[in-house]
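If you want the building blocks of each chain, they are given just below.
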Amino acid sequence: MTLVRPDDREVEVEIAALPYQEEDADGEESGHDSGSAVMLMARDVSERNRALKTAAARENHIRKIMDTVVDGIITFDRRGNIENVNPAAEKIFGYEPGELIGRNIRILMDVPLAPEHDGYEQDEEQPDRPRFLGTDYEVEGRRQDGSKFPVELAIGMLKEGERRVFIGALRDITTRKEQEDRLLYLATRDPLTRMPNRRLFTERLEEAIDRADENATKFAVLFIDLDHFKNINDALGHVAGDMVLQSVGNRLQDCLKEGDTVAHLSGDEFPIILNTIKDRKEAEKVAKDILEKLAEPFTIEGKEIYTTASIGVVPYPDTATPIGDFLRNVDTAAYKAKEQGRATHQF
């Protein structure tokens, strides 16, 4: 109820009415009818109502912000039970409005990660646990239809007395990851053949050396240099020459096992990493198979084109350990193969 004070200021009050019996001077009840007297008690609640309105307005303001941001926002308690979800989060995970309220946040996380998301409040008590609060990290989310996708997630905590509320801000980074993968692919692939370039080949060679040293295994590098390839370019043009290089790359890949690497460097050079070979004979057999395969004619624009190759073979760990020396040995072996009359291989 609103009352008006003498100074014309309005005051919001709560009114309570209580019936009572009046007594005369001797302490006897008066002759008035029972219940005819009423006591009114008023309490000024203007400040309280003003505070409630302010809190409601603030909550409405926050709700509008949550509803309009493009990132998903989820709040949940210490047990992982979801309390609030904005429309963006519902859309990201494929749920209808209000469908996630009361459910556990673990349904939004991939199974291997779910236990790590159960009980964030234990971070302080368990120093060995990974810390999630206040840091951004990637996690694999799961939509309602079961499909998985990469999510960037940041978690904060709000203390309300003894109660803790966790706030998760997240975004679907599928497009970003695809772009990163695409850029990485372009940075590590030869644009003509789409095979690994020098950068990726060097990385895989370093990995092969580390793996061989750690497991006491062997591998070999083959360096294929096409013979007289310049004559093909001069006679048929660079377009036909590029088509030959692409066909050579395809044939080389057909000669390898899963886990081996063939790359295209500059011009007519194709290095190969043969992983986990048993001995030199196995590497030599692959080199001979490649020579036979490349000796077959290439059909380019209706014409048969013939070419051969010289192959240098360097097994590891039978050669120099530094990668620079190793690659020089590979190049030297290929040069010796050309000196032997081409269309051959040389250790």
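Residues numbered from 1 in each chain as written. Predicted model: local features only at pLDDT ≥ 70, side-chain atom pairs only at ≥ 80, totals over all residues. Heavy atoms only, no water.

### What about the overall build of the protein chain?
Within the protein chain, the regular secondary structure consists of eight helices and 15 strands. Looking at the protein chain residue by residue over its 347 residues, the buried ones come to 36%. Put simply, of all contacts in the protein chain between residues at least 6 apart along the chain, 52% involve residues at least 24 apart. As displayed, the protein chain has an accessible area near 20800 Å², and 49% of this comes from carbon and sulfur atoms. (Helix = DSSP H or I, 4+ residues; strand = E, 2+ residues; numbered from the N terminus. Buried < 20%, exposed > 50% of the residue type's maximum accessible area, 1.4 Å probe, protein only. Contact = heavy atoms within 4.5 Å. Areas by Shrake-Rupley, 256 points an atom, 1.4 Å probe, with all protein chains shown as cover.)

### Things to note about helix α8 (residues 323-339)
In this model α8 runs 25 Å from its N-terminal to its C-terminal C-alpha over 17 residues, within 8% of the 24 Å that 1.5 Å per residue would give. Turning to α8, its buried residues number three or more, namely Phe326, Val330, Ala333, Ala334, Ala337 and Lys338. In an axial view of α8, the angular spread of the buried residues amounts to 145 degrees, which keeps them on one side of the axis. Residues of α8 that are exposed and angled more than 90 degrees away from the buried face: Arg328, Tyr335 and Glu339. For α8, the elements touching its buried residues are α4 (198-215), β9 (219-226), β14 (309-316) and β15 (345-346). (Expected span 1.5 Å × (residues − 1). Arc of directions from axis to C-beta.)

### Quick look at the packing of aromatic side chains
How two aromatic rings sit relative to each other is set out by the distance from centre to centre and by the angle between their planes. Scanning all chains against the criterion turns up three aromatic pairs. Taking the centre distance of 5.7 Å and the plane angle of 20 degrees together, the rings of Phe76 and Phe166 count as stacked. Of this pair, Phe76 sits in strand β4 (residues 72-76) while Phe166 sits in strand β8 (residues 163-172), placing them 90 residues apart in sequence. Accessibility assignment for this pair places Phe76 and Phe166 in one class, buried. A cation over a ring is seen here: Arg143 above Phe149, with NZ or CZ 4.0 Å from the ring centre. Here the guanidinium or amino end of Arg280 rests over the ring plane of Phe347, the centre of that ring lying 4.1 Å away. (Phe/Tyr/Trp six-rings, centres within 6.5 Å; stacked < 30°, edge-to-face > 60°. Lys NZ or Arg CZ within 6 Å of the ring centre and 35° of its normal.)

### Topic: the sheet that holds β9
Ordered by their spatial adjacency, five strands build an open sheet running β10-β11-β9-β14-β15, and the pairing between neighbours is mixed. In this open sheet, the two edge strands, each paired with only one partner strand, are β10 (261-262) and β15. Here β10 pairs with strand β11 (residues 269-274) via two bridges, running antiparallel. In the strand pairing of β11, Val262 is matched with Ile272. (Pairing = 2+ DSSP bridges.)

### Considering the packing of α4 against α8
At their nearest, the axes of α4 and α8 sit 11 Å apart, and the two run at 110 degrees to each other. Comparing their axes, α8 and α4 come out roughly perpendicular. From α4, Phe201, Thr202, Leu205, Glu206 and Ile209 reach across to α8, where they touch Ile323, Phe326 and Leu327. The residue makeup of the contact of α4 with α8, split by class, is six nonpolar, one polar and one charged. (Axes fitted to C-alpha atoms, helices over the stretch in contact; angles between N-to-C directions. Parallel < 35°, antiparallel > 145°, perpendicular 65-115°, else oblique. Nonpolar A, V, L, I, M, F, W, Y, C, P; charged D, E, K, R; others polar.)

### Describing the nonpolar core
Among the nonpolar cores identified, the biggest contains 30 residues, and Leu222, Ile224, Leu226, Ile272, Ile290 and Leu294 are the most heavily contacted of them. When residues of this core are traced back to their parent elements, those giving at least two are β9, α5 (229-236), α6 (238-254), β11, α7 (280-295), β12 (298-300) and β14. The element contributing the most residues to this core is α7, with six residues. Setting aside chain neighbours within four positions, we find Ile290 in contact with Leu222, Ile224, Leu252, Cys255, Ile272 and Ile311. (Core = buried A, V, L, I, M, F, W, Y, C linked by side-chain atoms within 4.5 Å.)

### Focus on unusual backbone geometry
In this structure, the amide linkage connecting Tyr316 to the following residue, Pro317, adopts the cis form with an omega of 20 degrees. For Pro317, the position within the fold is in the loop between β14 and α8. Even without a glycine there, the phi angle at Arg194 is positive, about 60 degrees. The residue Arg194 is located in the loop between α3 (174-187) and α4 in this model. For Ala216, which is not glycine, the phi torsion reads 55 degrees and is therefore positive. Within the secondary structure layout, Ala216 lies in the loop between α4 and β9.

### Let's talk about the pattern of salt bridges
Evaluation of the coordinates by the stated rule reveals 13 salt bridges. Residue Lys177 is joined to Glu138 by a salt bridge in which the shortest nitrogen-to-oxygen separation is 3.3 Å. Of this pair, Lys177 sits in helix α3 while Glu138 sits in strand β6 (residues 136-142), and the two are 39 residues apart along the sequence. The partly exposed category is assigned to Lys177, whose relative accessible area is 24%. Of the charged contacts, one joins Arg143 and Asp172 as a salt bridge, the two residues approaching to 3.4 Å between their closest N and O atoms. Of this pair, Arg143 sits in the loop between β6 and β7 (148-160) while Asp172 sits in strand β8, and the two are 29 residues apart along the sequence. Given a relative accessible area of 23%, Arg143 falls into the partly exposed group. Look at the salt bridges and you will find they share partners, linking Glu138, Glu152, Arg176, Lys177 and Glu180 into a network. (Salt bridge = Lys/Arg side-chain N within 4 Å of Asp/Glu carboxyl O.)

### What to know about α6
Taking 1.5 Å of rise per residue, 17 residues should cover 24 Å, and α6 covers 24 Å from first to last C-alpha, within 8% of that figure. Of the residues making up α6, those classed as buried are Ala240, Gly241, Val244, Leu245, Val248, Gly249, Arg251 and Leu252.

### Points about the sheet that holds β6
The strand order across the open sheet built from five strands is β5-β4-β8-β7-β6, with neighbouring strands paired in antiparallel fashion. Edge positions in the open sheet fall to β5 (82-85) and β6, since each of these has one partner strand only. Adjacent strand axes in the sheet meet at a mean angle of 35 degrees, parallel and antiparallel pairs treated alike. Here seven bridges tie β6 to β7, and the two strands are oriented antiparallel to one another. Each residue of the ladder has a partner; that of Val139, found in β7, is Val151. Contacts from α3 reach β6, β7 and β8 within the one sheet, and its direction differs from that of β7 by about 130 degrees.

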